[in-house]
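# Secondary and tertiary structure notes
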Amino acid sequence: DTEVTQTPKHLVMGMTNKKSLKCEQHMGHRAMYWYKQKAKKPPELMFVYSYEKLSINESVPSRFSPECPNSSLLNLHLHALQPEDSALYLCASSPGMGEGYEQYFGPGTRLTVT
Amino acid sequence: QQPVQSPQAVILREGEDAVINCSSSKALYSVHWYRQKHGEAPVFLMILLKGGEQKGHDKISASFNEKKQQSSLYLTASQLSYSGTYFCGTEHTGGYNKLIFGAGTRLAVHP
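To start, this report covers the structure provided alongside it. (Residues numbered from 1 in each chain as written. Chains lettered and ligands numbered in written order. Predicted model: local features only at pLDDT ≥ 70, side-chain atom pairs only at ≥ 80, totals over all residues. Heavy atoms only, no water.)

## Re the overall build of chain B
The helix and strand inventory of chain B stands at 0 helices and 11 strands. Its helices and strands in sequence order give chain B the pattern β-β-β-β-β-β-β-β-β-β-β, from N to C terminus. Relative to the globule expectation of 13 Å for 111 residues, the C-alpha radius of gyration of chain B, 13 Å, shows essentially globular dimensions. Overall size of chain B, expressed as C-alpha extent along the three principal axes, is 45 × 25 × 20 Å. A total of 111 residues make up chain B; the buried ones form 49% of that total. Within chain B, contacts between residues at least 6 apart in sequence are counted, and of these 55% link residues at least 24 apart. Summed over its atoms, the accessible surface of chain B is roughly 5500 Å², and 49% of this surface lies on carbon and sulfur atoms. Averaging the coordinates of the 11 positive side-chain charges in chain B and doing the same for the 8 negative ones gives two points 8 Å apart. (Helix = DSSP H or I, 4+ residues; strand = E, 2+ residues; numbered from the N terminus. Rg over C-alpha atoms; globule rule 2.2 N^0.38 Å. Buried < 20%, exposed > 50% of the residue type's maximum accessible area, 1.4 Å probe, protein only. Contact = heavy atoms within 4.5 Å. Areas by Shrake-Rupley, 256 points an atom, 1.4 Å probe, with all protein chains shown as cover. Lys, Arg positive; Asp, Glu negative; His and termini not counted. Charge placed at Lys NZ, Arg CZ, Asp CG, Glu CD.)

## A word on the nonpolar core
By size, the foremost hydrophobic cluster in this structure holds 42 residues, and its most contacted members are Trp34(A), Tyr35(A), Phe64(A), Leu76(A) and Leu78(A). Per-element accounting of this core gives the leading share, 6 residues, to strand β9 (residues 87-94) of chain A. The contacts of Tyr35(A), once residues within four sequence positions are left out, are Pro43(A), Glu44(A), Leu45(A), Met46(A), Leu88(A), Tyr89(A), Leu90(A), Ala92(A), Gln103(A), Phe105(A), Leu99(B) and Phe101(B). Within the second largest apolar cluster, 21 residues are counted, among which are Trp33(B), Met46(B), Leu48(B) and Tyr82(B). (Core = buried A, V, L, I, M, F, W, Y, C linked by side-chain atoms within 4.5 Å.)

## Let's talk about the environment of Phe105(A)
One can find Phe105(A) in strand β10 (residues 104-105). In this structure, the C-alpha to C-alpha distance between Phe105(A) and His10(A), residues 95 residues apart in sequence, is 16 Å. Those residues in contact with Phe105(A), other than ones at most four positions away along the chain, are Val4(A), Tyr35(A), Leu90(A), Cys91(A), Ala92(A), Tyr34(B), Ala41(B), Pro42(B) and Phe101(B).

## Here we look at the sheet that holds strand β1 (residues 4-6) of chain B
All names here are of chain B. Taken in spatial order, the 4 strands line up as β1-β3-β8-β7 in an open sheet, and their pairing is antiparallel. Of all strands in the sheet, those bounded by a partner on one side alone are β1 and β7 (61-65). If you compare each strand with its neighbour and ignore which way they point, the axes differ by 15 degrees on average. (Pairing = 2+ DSSP bridges. Axes fitted to C-alpha atoms, helices over the stretch in contact; angles between N-to-C directions.)

## With respect to the interface of chain A and chain B
Between chain A and chain B, the contact holds 25 residues from the first and 25 residues from the second. Between chain A and chain B, the buried area comes to about 1900 Å², and carbon and sulfur atoms account for 58% of it. The tally of links between chain A and chain B comes to 2 salt bridges. The salt bridge involving Glu58(A) is made with Lys98(B); its shortest N-O contact spans 3.2 Å. For the interface between chain A and chain B, the tally reads 6 residue pairs in polar contact (both at pLDDT 80 or more). Taken together, the elements giving at least two residues each to the side of chain A that touches chain B come down to β4 (31-37), β9 and β10 of chain A. Element by element, the count of residues in the side of chain A that touches chain B is highest for β4(A), at 4 residues. (Buried area = accessible area lost by both parts, 1.4 Å probe. Salt bridge = Lys/Arg side-chain N within 4 Å of Asp/Glu carboxyl O. Polar contact = N/O pair within 3.5 Å; in protein donor to acceptor, adjacent residues only side chain to side chain.)

## Some thoughts on the state of the cysteines
Residues and elements named next belong to chain B. Evaluation of the coordinates by the stated rule reveals 2 disulfides over all chains. Covalent S-S linkage joins Cys22 and Cys88, the inter-sulfur distance amounting to 2.0 Å. As the torsion about the S-S bond is roughly 70 degrees, the Cys22-Cys88 disulfide counts as right-handed. Taken together, the residues span a long stretch of sequence, with Cys22 in strand β3 (residues 18-23) and Cys88 in strand β9 (residues 84-91) at a distance of 66 residues. You'll find Cys22 and Cys88 in the same group, each marked buried. (Disulfide = S-S within 2.5 Å.)

## Remarks on the packing of aromatic side chains
Residues and elements named next belong to chain A. Throughout the structure, instances matching the rule amount to 10 aromatic pairs over all chains. Measuring from centroid to centroid gives 5.3 Å for Tyr35 and Phe105, while their planes differ by 45 degrees, and the two rings are tilted. One end of the pair, Tyr35, is in strand β4; the other, Phe105, is in strand β10, with 70 residues separating them in the sequence. Comparing Tyr35 with Phe105 shows no difference in burial state: the two are buried. (Phe/Tyr/Trp six-rings, centres within 6.5 Å; stacked < 30°, edge-to-face > 60°.)

## Some remarks on the side chain of Asn75(A)
If you trace the backbone, Asn75(A) turns up in strand β8 (residues 73-79). When near neighbours in sequence (up to four residues on either side) are disregarded, Asn75(A) contacts Leu21(A), Lys22(A), Trp34(A), Ser65(A), Pro66(A), Glu67(A) and Pro69(A).

Keep in mind these values describe shape, not function.
Shown next, in the form of structure tokens:
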């Protein structure tokens with residue numbers, strides 16, 4: 001089973017709201033990722049967690065706050081977002097940390113900030 | 001550091017072949033290939049590692065020229081299901097799972 005699940009599928013939020021995106025995998029993967037994808041663009045890496053510790057933060061604004069409660073779960077907490085943050089947010093996981101591991105993507109959460 | 005993909009778009013008839021290229025100006029450890037259909041998640045196709053190892057889809061072939069930092073994805077006898085946007089993702093030595101994706105190649109296969 002190579003499934004990564006994400007909830008919700010769609011989210012509309014105002015600029016003053018606080019919301020969270022959730023990602024789950026049960027493949028025993030040790031690395032998990034958040035990507036942001038704008039229409040007709042490639043995914044852009046935001047954060048990498050390895051063994052439940054944050055290992056990469058690609059200079060993401062603090063209004064995005066990741067959390068990894070355990071090896072299967074990854075959350076992205078959103079607060080005071082801007083309309084330009086509207087995008088598809090993808091979660092991915094890979095079997096290990098280090099080079100040469102494939103990544104499996106979830107279906108994404110389509111976020112609209114009004 | 002974003003890899004360069006070419007062509008930007010390809011239109012094929014069913015059964016035709018296509019090659020999608022990906023090149024980097026920086027030394028690579030691996031090249032990953034993904035296909036994304038409209039409104040769906042990227043799907044892993046293949047990974048090519050420095051040293052020659054490959055993992056992935058048994059109906060798709062690809063090559064990795066380590067000296068030129070280039071990879072090519074070969075789609076032969078294309079099917080309608082091959083339609084979508086193909087992304088290469090490059091990983092540099094010491095990059096630790098950090099994939100940088102190319103801009104993508106849009107492939108449309110028509111009957």
